[in-house]
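# Topology and contacts: notes
What follows is each chain in one-letter form.
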Amino acid sequence: MASPNLESFCCQFNLLNTTSDKHRLGNPDYTSQIYNGVCIGAASLSIIGALYQILPRKQSPIATRLRRARPLSTESQRRIICLLAISDLCACFGILVRSALWLAGYLPENLGLTGKPDFPHIFCAISSVWIQYFYVCTYFWTFCYALDVFLEVKRKQWAKPWWLYHALSWIISAMLCAEGVVPLYYPSLLHCEHTPAHLIPHYLVTYVPILAVMIVNPVLYFIASRSVKTLLTSQRAHFTDQERKIIQKIKERFFLVVLVFFCCWSPNIVNGLLLVCHKSVSQGAFSTMRIIMAILNPLQAFLNSVVYRGCAGCNFRRPEFMLMASGVRDSGNYSHSGSTETTALLRTR
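Residues numbered from 1 in each chain as written. Predicted model: local features only at pLDDT ≥ 70, side-chain atom pairs only at ≥ 80, totals over all residues. Heavy atoms only, no water.

### Thoughts on the packing of aromatic side chains
Under the convention used in this document: Pairing of aromatic side chains here covers Phe, Tyr and the six-membered ring of Trp, requires ring centres within 6.5 Å, and sorts the geometry by plane angle: under 30 degrees stacked, over 60 edge-to-face, intermediate tilted. Under the scheme used here, helices are H or I runs from DSSP no shorter than 4 residues and strands are E runs no shorter than 2 residues, and both carry numbers assigned from the N terminus. Accessible area is worked out with a 1.4 Å probe on protein chains only. A residue is then buried under 20% of its type maximum, exposed over 50%, and partly exposed in between. Only when the NZ atom of a Lys or the CZ atom of an Arg is both within 6 Å of the ring centre and within 35 degrees of the ring normal do we say a charge sits over the ring.
Counted under the stated rule, the structure contains twelve aromatic pairs. Aromatic pair Tyr-203 and Tyr-207: ring centres 6.2 Å apart, planes at 55°, arrangement tilted. On the criterion of helical spacing, the pair formed by Tyr-203 and Tyr-207 is a turn pair, its members being four residues apart in helix H9 (residues 196-236). Residue class for Tyr-203 comes out partly exposed when judged on its relative accessible area of 24%. Connected via pairs of aromatic rings, a cluster forms that spans Tyr-135, Tyr-139, Phe-261 and Trp-265. The lysine or arginine in question, Arg-79, covers the ring of Trp-162, its NZ or CZ lying 3.9 Å from the ring centre.

Next comes the structure, spelled out in structure tokens:
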């Protein structure tokens, strides 16, 4: 899960000596068997989903012919989906290892006689930053996918800005995580500062990317779906049931992609509001939200495997989604003779 009080848990655990501190921080209970068991279950399921997206599968003859006929159709989107799955896989792997070690007793509880960070404290900090970083990467890859689809259907002919995609998803994510974590852990891993100057950057890094994707992606998909309808009408000079079905399929896919992101990350936004209003929020609400985040955050990879590729091998190589991705820019691939309300929009030969 990606929560601002999870990273600080690595150095706050020994500072929670008063009831007020526990209430202010939501009384972290990340050491409970229930919490870690839920994390392991959700992370394991999502690792399977991520591997399902990453590992190559044998293509049917129809899919192979379609890909050869239109080599530029969805290669860019497939690469982004794969990179998104890799980011999810790394984050889930971090959750799985961390929860397993916490269940094994490697908790950042005892400072020891020296008062220096020991393995549990160092591992807690590193694993939390690892998870945070790769989840921020998933936010940006999710945005890059929407941007790539938008550029395709707007019929932009220039080369895909892969340098921008990689810079956003890997470099900017690293800079954001460093900007949020360094002020939190400075000057000591054992004693986090709780002043606004230390906490605000950490909260911004956690919530601003999520909110940005929630706002921008639906707008990009909405514009893309309208553009597909316009392009279909201009290319075909008519709008039949076949075109309507294709538009409906595209809208459904866009809606599911947005829905998955909202379902997985809306609890984090709610948790942030609870942290802001902590004085009037019960401990049960914090505990409930932590369990919900422990389930839904890792499940992003599994749900993405269903939405992007489907349970039965459904993926964006299907004709209607090839149409969406290519922006209907290659009208030579479509048959224009003998078109009726029941004539197939795409014909494979």
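Having put the structure on the table, let's press on.
### Some remarks on helix H6 (residues 75-103)
Cut-off, in case you're wondering: Helix span, expected: 1.5 Å multiplied by one less than the number of residues in the helix.
Between its terminal C-alpha atoms H6 stretches 42 Å, which fits the 42 Å expected from 29 residues at 1.5 Å a residue. Phi turns positive, to about 105°, at Gly-105, one or two residues after H6.

### Some details on helix H7 (residues 119-153)
With 35 residues, H7 extends 51 Å from end C-alpha to end C-alpha; this agrees with the ideal 51 Å at 1.5 Å per step. Within H7, 30 of the 35 residues are buried, which leaves the element mostly enclosed by the surrounding structure.

### A closer look at empty space enclosed by the protein
Stated formally: Only protein atoms enter the calculation, which uses a 1 Å grid: trapped sets of points that fit a 1.4 Å probe without letting it out are cavities, open sets showing protein on both sides within 12 Å along at least five of seven lines are pockets, and any residue with an atom within 4 Å of a point is a lining residue. Grid points are joined across faces, edges and corners, and a volume is the space filled by probe spheres set on the points. Three classes are used: nonpolar for Ala, Val, Leu, Ile, Met, Phe, Trp, Tyr, Cys and Pro, charged for Asp, Glu, Lys and Arg, and polar for all others, with Gly counted as polar.
Applying the stated criterion to the full structure yields two cavities of 30 Å³ or more. Of the pockets and cavities examined, the largest cavity occupies roughly 40 Å³. For the largest cavity, the full set of lining residues is Leu-84, Thr-142, Val-257, Val-260, Phe-261, Gln-300, Asn-304 and Tyr-308. Counting only elements with at least two residues in the lining of the largest cavity, the list comes to helix H10 (241-276) and helix H12 (299-309). Among the residues making up the lining of the largest cavity, the classes are represented as five nonpolar, three polar and no charged. Put simply, the second largest cavity is a space of about 30 Å³. Looking at the second largest cavity, the residues that line it are Thr-142, Val-213, Asn-217, Tyr-221, Val-257, Val-258, Phe-261 and Phe-262. Elements with a minimum of two residues in the lining of the second largest cavity: H9 and H10.

### Here we look at the nonpolar core
Put simply, the rule reads: Buried Ala, Val, Leu, Ile, Met, Phe, Trp, Tyr and Cys residues that are joined via side-chain atoms within 4.5 Å together make up what is termed a nonpolar core.
Membership of the largest hydrophobic core comes to 72 residues, with the highest contact counts inside it found for Tyr-135, Tyr-139, Trp-141, Tyr-165 and Trp-265. Only helix H4 (33-54), H6, H7, helix H8 (162-185), H9, H10, helix H11 (283-296) and H12 provide two or more residues apiece to this core. Per element, the largest residue contribution to this core is 21 residues, and it comes from H7.

Shape descriptors only; they carry no functional weight alone.
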